[in-house]
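# What the coordinates show
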Amino acid sequence: MSNEYLIGTDIGTYGTKTVIVDTEGRIIGTSYIEYGVLTPRPGWAEQWPDVWFNAVIKTIRDVLEKTKIDPKDVAGLAISGLYGGSGIPCDKEMRPLRPAIIWMDRRAVKECAWLRENIGEEEIFKVSGNTIDPYFGYTKMLWIKFNEPKIWERIYKIVTPKDYVIYRLTGELAIDYSSAGNYGGIFDIHKRTWSDKMLDELGIPKDYLPDRIVMAKDVVGEITEEGSKLTGLKVGTPVCAGGIDAPVSALSVGAIDDGDVGAMLGTSMCIGIIQDEERLTPRLVNFPYVVNDKQKLYSFAGITTAGACIRFFRDNFGKLEKLLGDNIGISAYAILDLEAEKISPGCDGIIFLPHMSVGERAPWWDETIRSCLIGLTTYHTSAHVYRAMLEGIGYAIRYSLEVAKGAKIPIRKIMLVNGGARSALWRKIIASIINMDVIYIAESPGAPYGDALLAGVGTGVLKDYSVIREWITVSEITKPDPKMKEIYDKYYKVYLEVYRANTEVFRMLTDLTKELS
């Protein structure tokens with residue numbers, strides 16, 4: 001039988017993953033390639049697009065070779081990608097003029113100050129449903145305009161990472177609604193198109209942006225002869241638009257309905273809430289969802305260094321556990337969890353703020369916030385500190401959800417996935433802090449799985465998005481512990497006060513480190 005396989009590819013910040021699935025959602029093969037991020041200065045993060053392109057073609061070719069699937073039996077491909085920040089500025093030959101300034105880059109501080117003074121947060125929010133912060137792509141575009149005018153003048157198109165790859169494979173240029181909306185201030189969230197008013201006021205030419213805005217499931221183009229030689233896919237294979245990786249990850253665990261939450265607990269924590277109505281708050285990042293893109297919204301909060309905090313502890317203070325785990329064939333995190341389980345909720349008076357990079361996006365929008373560990377005494381052990389880190393991320397999740405509830409956004413169901421979610425202890429801590437059941441899906445490969453679904457729906461091989469619920473298996477539902485919940489309610493109040501009381505300290509530390517460096 002022909003046309004029975006679907007390919008999904010996700011271009012991540014630190015690696016690209018491709019999966020091939022059948023129409024029942026069974027994963028037939030996977031491939032992953034790792035790479036790094038360029039950090040030319042502290043707080044800067046960028047990447048040349050050929051790194052992404054080469055990873056995509058290699059992982060697609062690899063899954064085809066591993067599975068021995070005939071390319072003519074591949075019905076379609078969809079590609080999602082990291083939030084590419086500024087996008088890739090390309091010349092008339094579509095050659096990159098400089099690396100893309102990606103989502104985690106914090107350099108556009110002066111541009112944000114200029115925007116607040118000349119445009120105003122209220123005006124930006126009124127049009128885009130978003131605020132002013134170095135996170136957003138439109139602020140990064142202004143950084144290029146103000147700091148690299150010679151490059152700015154040569155720009156023909158600004159393209160997202162995944163749309164650049166799709167262009168190289170199909171010769172067709174487009175952008176999906178989630179990617180356009182995630183640029184921030186220049187996208188009209190209400191009309192679902194570029195804002196002529198904001199583009200004029202910011203001095204960003206409209207023709208720098210793709211004219212064609214499509215849904216994530218839409219077929220953008222077909223694999224060309226050159227694309228076929230590079231990937232091994234058949235000429236004419238349909239390529240669907242895909243979207244930003246976080247909402248595609250949310251789709252991969254079945255987050256479709258109003259109030260569904262897809263929480264990805266990886267190196268970074270992405271908390272994505274699906275909305276059927278415009279309940280907007282500048283405290284969250286808001287852009288079109290990858291399902292029913294013209295109606296649904298994806299409202300996002302994140303903890304940039306959630307899983308990174310835990311890895312930092314393992315690498316610096318859990319070396320014995322790592323050595324032991326390597327010797328007996330289990331994860332160092334599993335051993336650290338066993339030690340942390342013996343510690344009482346609240347860690348005998350320790351609070352941890354989980355912001356281990358300077359600055360944080362929604363819902364804090366604080367350019368100077370840092371991590372801190374408060375309450376440490378000689379009584380405490382490393383297990384106390386480890387558990388405090390798990391709890392601190394739990395408090396941050398609760399804070400994010402409370403901001404959403406304050407905007408009248410319903411929170412009905414929470415699906416937890418990715419590496420950190422494997423920890424039964426962490427799931428119990430999170431469930432008890434937020435006082436909600438937490439649905440755990442162990443086998444989800446994340447965004448590439450959502451991409452495969454989008455490819456199926458876009459090509460007509462699958463009936464609709466709800467098929468994802470037949471594809472996934474719930475591994476466990478973790479319920480809140482009433483006694484833990486009672487303790488965490490009290491500690492959560494302290495957590496909020498620790499953040500409030502130290503905002504000026506964080507600002508002073510940031511200013512001092514800049515001065516001394």
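As shown above, the structure is provided for reference.
Every residue gets a number counted from 1 within its own chain, in the order that chain's sequence is written. Two thresholds apply to this predicted model, a pLDDT of at least 70 for residue-level local features and 80 or more for giving and counting side-chain atom pairs, whereas whole-chain, interface and lining totals are computed over all residues. Neither water nor hydrogens contribute to the side-chain values; these are computed over all heavy atoms in the structure.

### Brief notes about the packing of aromatic side chains
Using the following cut-off: Only rings of Phe, Tyr and Trp enter the pairing, Trp through its six-membered ring, and a pair is recorded when the two centres are within 6.5 Å. The plane angle decides the type: under 30 degrees is stacked, over 60 is edge-to-face, the rest tilted. When the NZ atom of lysine or the CZ atom of arginine is within 6 Å of a ring's centre and also within 35 degrees of its normal, the charge is said to sit over that ring.
Under the criterion given, the structure shown has 22 aromatic pairs. Members of the aromatic cluster, each reached through a chain of ring pairs, are Y83, Y135, F136, Y138 and W365. Positioned above the aromatic ring of W44, the side-chain terminus of R107 is 3.6 Å from the ring centre. It is R168 that lies over the ring of F53; its NZ or CZ is 3.9 Å from the centre.

### Points about the pairing of strand β3 (residues 27-34)
Stated formally: Here, a strand pair is defined by DSSP locating no fewer than two bridges between the strands. Helix and strand definitions follow DSSP, with helices as H or I runs of at least four residues and strands as E runs of at least two, each counted in order from the N terminus.
As paired strands, strand β2 (residues 15-22) and β3 are joined by 7 bridges and run antiparallel to one another. Counterpart to K17 in the pairing with β3 is Y32. In this structure, the hairpin formed by β2 and β3 is closed by a connection of 4 residues, where G25 is found at a positive phi of approximately 85°.

### A few points about the side chain of D260
As a reminder of what qualifies: Polar contacts, as counted here, are pairs of nitrogen or oxygen atoms within 3.5 Å of one another; within protein the pair requires one atom able to donate a hydrogen and one able to accept it, and residues that are adjacent in sequence qualify only if both atoms are side-chain atoms. The contact criterion used is simple: two residues touch if any of their non-hydrogen atoms lie within 4.5 Å.
The residue D260 is located in strand β15 (residues 260-265) in this model. At a separation of 2.9 Å, a polar atom in the side chain of D260 contacts the main-chain amide nitrogen of D257. The residues touching D260, leaving out its near neighbours within four places in the chain, are G254, A255, G272, I273, I274, K413, M415 and R469.

### Observations concerning the nonpolar core
For clarity, the cut-off: What is meant by a nonpolar core is a set of buried Ala, Val, Leu, Ile, Met, Phe, Trp, Tyr and Cys residues, joined one to another through side-chain atoms within 4.5 Å. Only protein chains enter the calculation, and the probe is 1.4 Å; a residue is then buried if its accessible area is under 20% of its type maximum, exposed if over 50%, and partly exposed in between.
In this structure, I186, W194, Y289, Y298 and W471 are the most contacted members of the largest nonpolar core, which totals 119 residues. Considering every element that reaches this core, the biggest residue donor is helix α1 (residues 49-67), with 8 residues. The next biggest cluster of nonpolar side chains, apart from the first, holds 62 residues, and it includes C372, Y399, Y488 and Y499.

### What to know about the sheet that holds strand β18 (residues 297-303)
Keep this limit in mind: Whenever a helix is involved, its axis is fitted only over the stretch in contact; in every case the axis is a line through C-alpha atoms, and angles between N-to-C directions fall within 0 to 180 degrees.
The strand order across the open sheet built from 7 strands is β17-β18-β16-β15-β21-β22-β23, with neighbouring strands paired in mixed fashion. Strand pairing shows two members of the sheet lacking a second neighbour, β17 (285-288) and β23 (476-478), which therefore form its edges. Each adjacent strand pair in this sheet contributes to an overall mean axis angle of 25°, direction not counted.

### Quick notes on the environment of V498
Inspection of the secondary structure puts V498 in helix α18 (residues 482-516). Its relative accessible area of 7% is what places V498 among the buried residues. Taking the C-alpha atoms as reference, V498 lies 52 Å from L64; in sequence the two are 434 residues apart. Not counting chain neighbours up to four residues away, the residues in contact with V498 comprise I351, L353, C372 and I374.

### Focus: the sheet that holds β3
Judged by pairing direction, the sheet is mixed, and its 6 strands sit side by side in the order β3-β2-β1-β5-β14-β13 without closing on themselves. Two strands in the sheet have a free side with no partner beyond their single neighbour: β3 and β13 (219-222). Put simply, the sheet's adjacent strands are angled 20° from each other on average, direction ignored. Looking at chain direction, strand β1 (residues 5-11) and β2 are connected through 7 bridges and run antiparallel. The partner of T9 across the bridge, within β2, is T18. Sheet contacts for α1: β1, β2, β3 and β5 (74-81); angle to β3, the most-contacted strand, approximately 145°.

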